[in-house]
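Below, each chain spelled out in residue letters.
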Amino acid sequence: MVAAEKLACTVRGMRDLVGEDARVFDHILARMQEMACRYGYEHIEMPVLENTAIFARTLGEETDVVSKEMFSFEDRSGNALSLRPEGTASAVRALLCNKLTQTLPQRWFYYGQMFRYDRPQKGRYRQFFQFGVEYIGAKAPLSDVELIAMAHGILRGLGLSSVTLRLNSIGDKKSRQAYREKLLAYFARYRNDLSPDSQRRLEENTLRILDSKEESDQKIAEGAPSILDSLNTESRKFFDDVCQGLEQLQIPYEQDRLLVRGLDYYDHTTFEFTCPLGDGGSSIAVAGGGRYNGLVKQMGGPETPAVGLAFGIDRIMLACDRGQLKSAPIVTVLFVGEAERLNALALAEDLRSRCPFAIILPVDGDLTKRLRHSAKLGAACALILGEAECAAGQVKCKFLKPAPGSPEGSEETITAADASGFLIDKLADAISK
Ligand code: AMP
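Cut-off values and rules
- Residues numbered from 1 in each chain as written.
- Predicted model: local features only at pLDDT ≥ 70, side-chain atom pairs only at ≥ 80, totals over all residues.
- Heavy atoms only, no water.
- Pairing = 2+ DSSP bridges.
- Helix = DSSP H or I, 4+ residues; strand = E, 2+ residues; numbered from the N terminus.
- Contact = heavy atoms within 4.5 Å.
- Axes fitted to C-alpha atoms, helices over the stretch in contact; angles between N-to-C directions.
- Left-handed = near helix turned anticlockwise from the far one by under 90°.
- Nonpolar A, V, L, I, M, F, W, Y, C, P; charged D, E, K, R; others polar.
- Near = heavy atom within 4 Å.
- Polar contact = N/O pair within 3.5 Å; in protein donor to acceptor, adjacent residues only side chain to side chain.
- Areas by Shrake-Rupley, 256 points an atom, 1.4 Å probe, with all protein chains shown as cover.

## As for the sheet that holds strand S9 (residues 267–276)
In step 1: If you trace the 8 strands from one edge of the open sheet to the other, you get S1-S5-S6-S11-S10-S9-S7-S8, paired in mixed fashion. Sheet topology places strand S1 (42–43) and strand S8 (254–255) at the edges, where each strand pairs with a single neighbour.
In step 2: The pairing of S9 with strand S10 (residues 283–291) spans 8 bridges and is classified as antiparallel. Along S10, the bridge assignment pairs Glu 272 with Gly 288.
In step 3: Strands strand S6 (127–136), strand S7 (164–169), S9, S10 and strand S11 (306–312) of the sheet are contacted by helix H5 (residues 141–157), whose axis makes an angle of about 15 degrees with S11.

Here's what the structure looks like:
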């Protein structure tokens, strides 16, 4: 028997988006889609469930995501499946499944729910929404710059204040090997002070310690040698070119030598956009990504350079300036008596095809009630059709919010056939850009 209270609540760490939250969510998603299209990215839709191996083998068995956070289970046929914790490994799987390794580059964007069994708190959920972008087959550092520039533009456009771009390079494999030796020697000196997880990772996955969430590890990591000193000439040049491109576009960044990112498949560029949560609290990452030149080969394809990033939409919802996000103006159409009901129906339908507004036709209650309902909906104006207006082919427009030349509460009678042009003129300022 399921306890009754379980029927009226969501699974821990998962939530509904209702009302304003859902509107803000839609707005953010629409902006991201529009911007990604402008940079030449195309939509790819991928399943939420994948074979567990897709993640276990690519993100790294030792990562928190794989070792502690996946929602994994066996299906009825005994297949090991997982709800996706991120999108990049799935995108590379899709590249291989759809035999697209010879049709490069591929520029893809995707969006959808990701699942991680982490400890829920503000901005951290077990089901969260990402908008991801993958540029597969992109070799030159300019592709990293373009991707970061797009993310920067999107976050600024959404009114996120004080966003910081943190940038690092973890170099190529050779540079990382050289760095690992130095890092191992350093951390070995503090072996007993490291957290149990980091002690375990010391030999196997030394770099990951830089990424630890444990305060004791973070203190020790502050004194660790910098990877930038271990980059070989090629990796150094790659990083310098990325920095130069960002400087050309006047995109400010901070070098963060501790930024190695949690997953195994990155090399060269790693970056993260962070932002304070607005309540004086600490900063959180609202987007992150990097280059993953080795991943396609690791999953069985040919050597293929690639770079990508993912935005955390739930966190952007917390950090964005909601006042700056305009949704489409609302106009209601009201009939006075039953006789005007069909004229109102036709007018509403006609306006929907001509105006970029939400046109709502309240049908229940008397006129006063429907006017009150219009105000409650936040309508900019109500178009009222009475007997006299219908007979003259006219309609009365009552402004429920001020518009240019029309104070709140004022009324104007207009020709019904011109209603769409009139509304577009009056409400132009309210149309979201
Ligand atoms: P990652 O795939 O870990 O690089 O994450 C990319 C972005 O997804 C992060 O910068 C966050 O904004 C967001 N994100 C990651 N994990 C969570 C979570 N548990 N809840 C909400 N957002 C998340």
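That covers the picture; the talk isn't over yet.
## Let's talk about the packing of helix H1 (residues 20–38) against H5
In step 1: Axis separation between H1 and H5 bottoms out at 10 Å; the angle between their running directions is 145 degrees. Here H1 and H5 pass one another in a crossing that is right-handed. Only Met 150, Gly 153, Ile 154 and Gly 157 of H5 make contact with H1, whose side of the interface consists of Arg 31, Met 32, Met 35 and Ala 36.
In step 2: The residue inventory of the contact of H1 with H5, partitioned by class, reads 5 nonpolar, 2 polar and 1 charged.

## Some remarks on the site of the ligand
In step 1: If you check the shell around the ligand, you find 14 residues, and the closest are Arg 116, Tyr 125, Gln 130, Arg 261 and Ala 285.
In step 2: A distance of 3.3 Å separates an oxygen atom of the ligand from a polar atom in the backbone of Ala 287.
In step 3: Here an oxygen atom of the ligand sits 3.5 Å away from a polar atom, N or O, in the main chain of Gly 312.
In step 4: Against a free-state accessible area of 490 Å², the protein chains account for coverage of 90% of the ligand.
In step 5: Contributions of two or more residues to the shell around the ligand are made by S6, S10 and S11.
In step 6: It is S10 that contributes the most residues to the shell around the ligand, 4 residues altogether.
In step 7: Tallied by class, residues from the shell around the ligand come to 6 nonpolar, 4 polar and 4 charged.

Scope: geometric values only; no functional claims are made or implied.
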